Structure formats: C-alpha cells, structure tokens
Amino acid sequence: MNEIILAQAENAPLSLGAIGYGLATIGPGLGIGILVGKTVEGMARQPEMAGQLRTTMFLGIAFVEALALIGLVAGFLF
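What counts and what doesn't
Residues numbered from 1 in each chain as written. Predicted model: local features only at pLDDT ≥ 70, side-chain atom pairs only at ≥ 80, totals over all residues. Heavy atoms only, no water. Helix = DSSP H or I, 4+ residues; strand = E, 2+ residues; numbered from the N terminus. Contact = heavy atoms within 4.5 Å. UniProt positions renumbered as here; feature names shortened; annotations may be inferred. Salt bridge = Lys/Arg side-chain N within 4 Å of Asp/Glu carboxyl O. Buried < 20%, exposed > 50% of the residue type's maximum accessible area, 1.4 Å probe, protein only. pLDDT = per-residue confidence, 0-100.

With respect to the side chain of T39
- Residue placement: T39 occurs in helix α2 (residues 26-45).
- If sequence neighbours within four positions are ignored, T39 has contacts with L53, R54 and M57.

With respect to the UniProt feature "transmembrane region" (unreviewed entry) in the protein
- According to UniProt, the feature "transmembrane region" (unreviewed entry) maps to residues 12-36 and 57-77 in the numbering used here.
- Helix and strand shares over residues 57-77 are 100% and 0% respectively, and the end C-alpha atoms of the span are 30 Å apart.

Considering the pattern of salt bridges
- Enumeration according to the criterion identifies 2 salt bridges in this entry.
- A salt bridge links R45 to E41; its shortest N-O distance comes to 3.5 Å. Taken as a pair, R45 and E41 lie in helix α2 at a separation of 4 residues, close to a single helical turn.
- Judged by its relative accessible area of 65%, R45 falls in the exposed class.
- Relative accessible area serves as the criterion here: at 35%, E41 is assigned to the partly exposed category.
- One salt-bridge network, in which partners are shared between bridges, spans K38, E41 and R45.

Quick notes on the confidence of the model for the protein
- Chain-level statistics for the protein give a pLDDT mean of 81 and a share of 78% at 70 or above.
- Put simply, helix α1 (residues 2-24) is where the protein has its lowest mean pLDDT, 63, and α2 is where it has its highest, 93.

Here is the structure:
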C-alpha cells in the first residue's frame, strides 16, 4: 500500500505541471479569440482596410503564440 502512495507522490509534480500549463493556455486562447473577432468586426465596418487589418492580426497572433510557447518552455525549465 505504501509503495502505491509513494509512486503517486513521485508522479504528482509532473501531472500538476501539465494541469498548470493546460490552465495557462486559456489566456492565449482568449487573446486570439478576441483579436480575430475584433479584426473581423473591423473588416465588416471598413472593407477597404481588410488587407491592413489582416496583416496586423497575423502579427498579433504571432506575439500571442510566442507568449504561449515561452510559457511552455518555462514550465519545462522550472
């Protein structure tokens, strides 16, 4: 019985890290959703600006994804 408890305790930090990163993906997911939604709204309001808005949107998505990847790497390092 004690061996089972020890085995579970050894695996706990790894599983807690996975849960932590899973919760941390909520931020970038919300950020990208808001970013794309506002870009589509801007394109609907001013269709002539669609090209510039699309370019800016892709830059914003790249920055948000970079933050998510930094969080993933930080989770592995710490």
